[in-house]
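# Summary of structural features
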Amino acid sequence: MTSRLYFAAGFAAAVAALVFAYLLQYIGGLEPCPLCIFQRVAMAGVALFCLIGWIHGPGGVGHRIYAGLAGLSAIAGVAIAARHVWLMHLPADQVPACGPGLNYLIHIMPLQEVVSTVLRGDASCATVKGSFAGLSLPAWSLIYFILLTIGALVGVLGFGARSGSARSSD
(Lines give C-alpha, C1' and ligand atoms only; values in the text may rest on other atoms or scores of the structure.)
Protein backbone atom coordinates (compact mmCIF):
# COMPACT_ATOMS: atom_id res chain seq x y z
CA MET A 1 0.00 0.00 0.00
CA THR A 2 1.31 3.43 -0.88
CA SER A 3 1.16 6.48 1.33
CA ARG A 4 -1.32 8.13 -1.02
CA LEU A 5 -3.65 5.13 -0.95
CA TYR A 6 -3.46 4.95 2.86
CA PHE A 7 -4.40 8.63 3.25
CA ALA A 8 -7.05 8.46 0.50
CA ALA A 9 -8.74 5.67 2.45
CA GLY A 10 -8.63 7.72 5.66
CA PHE A 11 -9.95 10.80 3.87
CA ALA A 12 -12.80 8.79 2.30
CA ALA A 13 -13.73 7.28 5.69
CA ALA A 14 -13.82 10.68 7.40
CA VAL A 15 -15.74 12.37 4.59
CA ALA A 16 -18.25 9.51 4.52
CA ALA A 17 -18.91 10.03 8.24
CA LEU A 18 -19.36 13.77 7.76
CA VAL A 19 -21.69 13.29 4.79
CA PHE A 20 -23.74 10.83 6.85
CA ALA A 21 -23.97 13.33 9.72
CA TYR A 22 -25.14 16.12 7.41
CA LEU A 23 -27.66 13.80 5.73
CA LEU A 24 -29.09 12.96 9.14
CA GLN A 25 -29.32 16.66 9.90
CA TYR A 26 -30.68 18.09 6.66
CA ILE A 27 -32.67 15.16 5.30
CA GLY A 28 -33.42 13.18 8.46
CA GLY A 29 -34.23 16.25 10.55
CA LEU A 30 -31.92 15.33 13.46
CA GLU A 31 -30.61 18.60 14.87
CA PRO A 32 -27.07 18.14 16.25
CA CYS A 33 -26.31 19.05 19.86
CA PRO A 34 -23.07 20.93 20.69
CA LEU A 35 -21.15 17.70 21.37
CA CYS A 36 -22.25 16.36 17.97
CA ILE A 37 -20.86 19.51 16.37
CA PHE A 38 -17.54 19.08 18.19
CA GLN A 39 -17.41 15.47 16.96
CA ARG A 40 -17.82 16.82 13.43
CA VAL A 41 -14.91 19.19 14.02
CA ALA A 42 -12.73 16.27 15.15
CA MET A 43 -13.81 14.26 12.09
CA ALA A 44 -12.99 17.24 9.86
CA GLY A 45 -9.52 17.27 11.44
CA VAL A 46 -9.03 13.62 10.49
CA ALA A 47 -10.22 14.41 6.96
CA LEU A 48 -7.94 17.46 6.67
CA PHE A 49 -4.75 15.67 7.75
CA CYS A 50 -5.58 12.69 5.53
CA LEU A 51 -6.25 15.03 2.60
CA ILE A 52 -2.90 16.75 3.09
CA GLY A 53 -1.18 13.34 3.36
CA TRP A 54 -2.98 12.16 0.23
CA ILE A 55 -1.92 15.22 -1.75
CA HIS A 56 1.66 15.13 -0.46
CA GLY A 57 2.08 11.36 -0.62
CA PRO A 58 5.04 11.26 1.78
CA GLY A 59 7.09 8.25 2.71
CA GLY A 60 8.82 7.49 6.00
CA VAL A 61 8.74 10.25 8.61
CA GLY A 62 6.28 12.47 6.72
CA HIS A 63 3.79 9.61 6.54
CA ARG A 64 4.08 9.04 10.28
CA ILE A 65 3.62 12.74 11.04
CA TYR A 66 0.42 13.04 8.99
CA ALA A 67 -0.90 9.78 10.43
CA GLY A 68 -0.07 11.04 13.92
CA LEU A 69 -1.91 14.32 13.36
CA ALA A 70 -4.94 12.48 11.99
CA GLY A 71 -4.67 10.17 15.00
CA LEU A 72 -4.68 13.10 17.43
CA SER A 73 -7.87 14.38 15.79
CA ALA A 74 -9.39 10.90 16.05
CA ILE A 75 -8.38 10.66 19.73
CA ALA A 76 -10.07 14.01 20.36
CA GLY A 77 -13.15 12.53 18.66
CA VAL A 78 -12.96 9.46 20.92
CA ALA A 79 -12.85 11.69 24.00
CA ILE A 80 -15.78 13.84 22.85
CA ALA A 81 -17.91 10.87 21.75
CA ALA A 82 -17.12 9.00 24.99
CA ARG A 83 -18.22 12.04 26.99
CA HIS A 84 -21.40 12.18 24.91
CA VAL A 85 -22.18 8.50 25.52
CA TRP A 86 -21.46 8.94 29.24
CA LEU A 87 -23.88 11.89 29.46
CA MET A 88 -26.55 9.80 27.75
CA HIS A 89 -26.25 7.13 30.42
CA LEU A 90 -26.50 9.44 33.44
CA PRO A 91 -29.60 9.19 35.60
CA ALA A 92 -32.07 11.96 34.72
CA ASP A 93 -31.48 13.81 37.99
CA GLN A 94 -27.72 14.06 37.29
CA VAL A 95 -27.93 15.43 33.75
CA PRO A 96 -26.82 19.08 33.54
CA ALA A 97 -29.59 21.54 32.70
CA CYS A 98 -29.95 22.82 29.14
CA GLY A 99 -27.81 25.80 28.39
CA PRO A 100 -27.79 28.37 25.62
CA GLY A 101 -27.11 27.31 22.04
CA LEU A 102 -23.63 27.05 20.54
CA ASN A 103 -24.08 30.12 18.30
CA TYR A 104 -24.99 32.26 21.30
CA LEU A 105 -22.02 30.97 23.31
CA ILE A 106 -19.61 31.73 20.47
CA HIS A 107 -20.84 35.33 20.33
CA ILE A 108 -20.61 36.06 24.05
CA MET A 109 -17.66 33.99 25.34
CA PRO A 110 -13.99 33.53 24.54
CA LEU A 111 -13.31 30.32 22.58
CA GLN A 112 -11.72 28.54 25.56
CA GLU A 113 -14.83 29.08 27.67
CA VAL A 114 -17.09 27.95 24.81
CA VAL A 115 -15.15 24.69 24.50
CA SER A 116 -15.21 24.15 28.25
CA THR A 117 -18.95 24.85 28.45
CA VAL A 118 -19.82 22.57 25.54
CA LEU A 119 -17.68 19.70 26.81
CA ARG A 120 -19.55 19.79 30.12
CA GLY A 121 -22.63 18.93 28.08
CA ASP A 122 -26.26 19.53 28.91
CA ALA A 123 -29.67 17.89 28.63
CA SER A 124 -29.73 18.32 24.84
CA CYS A 125 -26.62 16.12 24.67
CA ALA A 126 -28.08 13.51 27.01
CA THR A 127 -31.15 12.89 24.86
CA VAL A 128 -31.02 9.93 22.47
CA LYS A 129 -32.15 11.44 19.16
CA GLY A 130 -31.34 8.50 16.94
CA SER A 131 -30.12 4.93 17.12
CA PHE A 132 -29.26 2.01 14.89
CA ALA A 133 -29.03 -1.67 15.83
CA GLY A 134 -29.60 -0.83 19.49
CA LEU A 135 -26.79 1.72 19.74
CA SER A 136 -27.16 5.49 19.89
CA LEU A 137 -25.59 7.60 17.16
CA PRO A 138 -22.92 8.92 19.58
CA ALA A 139 -22.03 5.29 20.43
CA TRP A 140 -21.59 4.56 16.72
CA SER A 141 -19.51 7.71 16.44
CA LEU A 142 -17.32 6.49 19.31
CA ILE A 143 -16.79 3.14 17.57
CA TYR A 144 -15.92 4.89 14.30
CA PHE A 145 -13.43 7.21 16.03
CA ILE A 146 -11.82 4.20 17.73
CA LEU A 147 -11.41 2.50 14.35
CA LEU A 148 -9.92 5.69 12.88
CA THR A 149 -7.53 5.91 15.84
CA ILE A 150 -6.41 2.32 15.25
CA GLY A 151 -5.93 3.10 11.56
CA ALA A 152 -3.85 6.16 12.45
CA LEU A 153 -1.77 4.14 14.92
CA VAL A 154 -1.07 1.60 12.19
CA GLY A 155 0.10 4.51 10.00
CA VAL A 156 2.29 5.93 12.76
CA LEU A 157 3.91 2.51 13.04
CA GLY A 158 4.78 2.74 9.37
CA PHE A 159 2.15 0.67 7.54
CA GLY A 160 1.39 2.26 4.20
CA ALA A 161 4.49 4.48 4.40
CA ARG A 162 5.83 3.37 1.05
CA SER A 163 5.90 6.34 -1.28
CA GLY A 164 4.08 6.03 -4.56
CA SER A 165 7.04 7.52 -6.45
CA ALA A 166 10.67 6.58 -6.82
CA ARG A 167 11.80 8.49 -3.73
CA SER A 168 12.13 6.42 -0.57
CA SER A 169 11.50 8.98 2.21
CA ASP A 170 10.41 12.51 3.04
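On a predicted model such as this, the values are computed, not experimentally measured, just so you know. (Residues numbered from 1 in each chain as written. Predicted model: local features only at pLDDT ≥ 70, side-chain atom pairs only at ≥ 80, totals over all residues. Heavy atoms only, no water.)

Okay, the overall build of the protein next. A tally of helices and strands in the protein yields seven helices and two strands. Shown N-terminal to C-terminal, the secondary structure of the protein runs as helices and strands in the order α-α-α-α-α-α-β-β-α. When the 170 residues of the protein are sorted by exposure, 39% land in the buried category. Counting only contacts in the protein whose residues sit at least 6 apart along the sequence, the fraction spanning at least 24 positions is 83%. Within the structure as shown, the protein displays about 9,200 Å² of accessible surface, and the carbon and sulfur contribution to it stands at 72%. (Helix = DSSP H or I, 4+ residues; strand = E, 2+ residues; numbered from the N terminus. Buried < 20%, exposed > 50% of the residue type's maximum accessible area, 1.4 Å probe, protein only. Contact = heavy atoms within 4.5 Å. Areas by Shrake-Rupley, 256 points an atom, 1.4 Å probe, with all protein chains shown as cover.)

Residues other than glycine seldom take positive phi values, yet Ala 133 does so here, at roughly 55°. Note that Ala 133 resides in the loop between strand 1 (131-132) and strand 2 (135-136). Look at Ala 133 and you get exposed, because its relative accessible area is 63%.

For the rest of this paragraph, the subject is the packing of aromatic side chains. All chains considered together, the criterion is met by five aromatic pairs. Judged by centre distance (6.1 Å) and plane angle (85°), the rings of Phe 7 and Tyr 66 are edge-to-face. With Phe 7 in helix 1 (residues 3-26) and Tyr 66 in helix 3 (residues 60-88), the pair connects residues that are 59 residues apart, well separated along the chain. For the pair Phe 7 and Tyr 66, a shared accessibility class is recorded, and that class is buried. Here Tyr 22 and Tyr 26 contribute two aromatic rings whose centre-to-centre distance is 6.1 Å and whose plane-to-plane angle is 10°, an arrangement assigned as stacked. Here Tyr 22 and its partner Tyr 26 are both found in helix 1, four residues apart, which amounts to about one turn of the helix. (Phe/Tyr/Trp six-rings, centres within 6.5 Å; stacked < 30°, edge-to-face > 60°.)

With that settled, consider the packing of helix 1 against helix 2 (residues 34-56). Relative orientation of the contacting elements helix 1 and helix 2 amounts to 150°, with a least axis distance of 8 Å. Taken together, the axes of helix 1 and helix 2 are roughly antiparallel relative to one another. Between helix 1 and helix 2 lies a crossing whose hand is left-handed. Contacts between helix 1 and helix 2 involve Arg 4, Phe 7, Ala 8, Gly 10, Phe 11, Ala 14, Val 15, Ala 17, Leu 18, Ala 21, Tyr 22 and Gln 25 from the first element and Arg 40, Met 43, Ala 44, Val 46, Ala 47, Phe 49, Cys 50, Leu 51, Gly 53, Trp 54, Ile 55 and His 56 from the second. Grouping the amino acids of the contact of helix 1 with helix 2 by side-chain chemistry returns 18 nonpolar, four polar and two charged. (Axes fitted to C-alpha atoms, helices over the stretch in contact; angles between N-to-C directions. Parallel < 35°, antiparallel > 145°, perpendicular 65-115°, else oblique. Left-handed = near helix turned anticlockwise from the far one by under 90°. Nonpolar A, V, L, I, M, F, W, Y, C, P; charged D, E, K, R; others polar.)

Attention shifts here to helix 2. Across its 23 residues, helix 2 extends 33 Å between first and last C-alpha, which sits within 8% of the 33 Å expected from 1.5 Å per residue. What helix 2 keeps buried is the set Pro 34, Leu 35, Phe 38, Gln 39, Arg 40, Ala 42, Met 43, Gly 45, Val 46, Ala 47, Cys 50 and Gly 53. At the C-terminal side of helix 2, Gly 57 shows a positive phi close to 60°. (Expected span 1.5 Å × (residues − 1).)

Take the environment of Ala 42 next. Mapped onto the elements of the fold, Ala 42 is located in helix 2. Among the residues examined, Ala 42 registers a relative accessible area of 7% and is labelled buried. In this view, Ala 42 contacts Ser 73, Ala 76, Gly 77 and Phe 145; residues no more than four positions away in its chain are not counted.

This next bit is on a nonpolar patch on the surface. A surface patch of nonpolar side chains, about 1,000 Å² in accessible area, is lined by Met 1, Leu 5, Phe 132, Leu 135, Trp 140, Ile 143, Ile 146, Leu 147, Ile 150, Val 154 and Phe 159. Considering each element in turn, the nonpolar patch owes the most residues, six residues, to helix 7 (residues 137-156). Looking at the element boundaries, Leu 135 is found in strand 2. You can call Leu 135 partly exposed: its relative accessible area is 32%. (Patch = residues over 30% accessible without salt bridge, like charges linked within 9 Å, V, L, I, M, F, W, Y side chains within 5 Å. Salt bridge = Lys/Arg side-chain N within 4 Å of Asp/Glu carboxyl O.)

The values reported here are purely geometric and, on their own, carry no functional implication.
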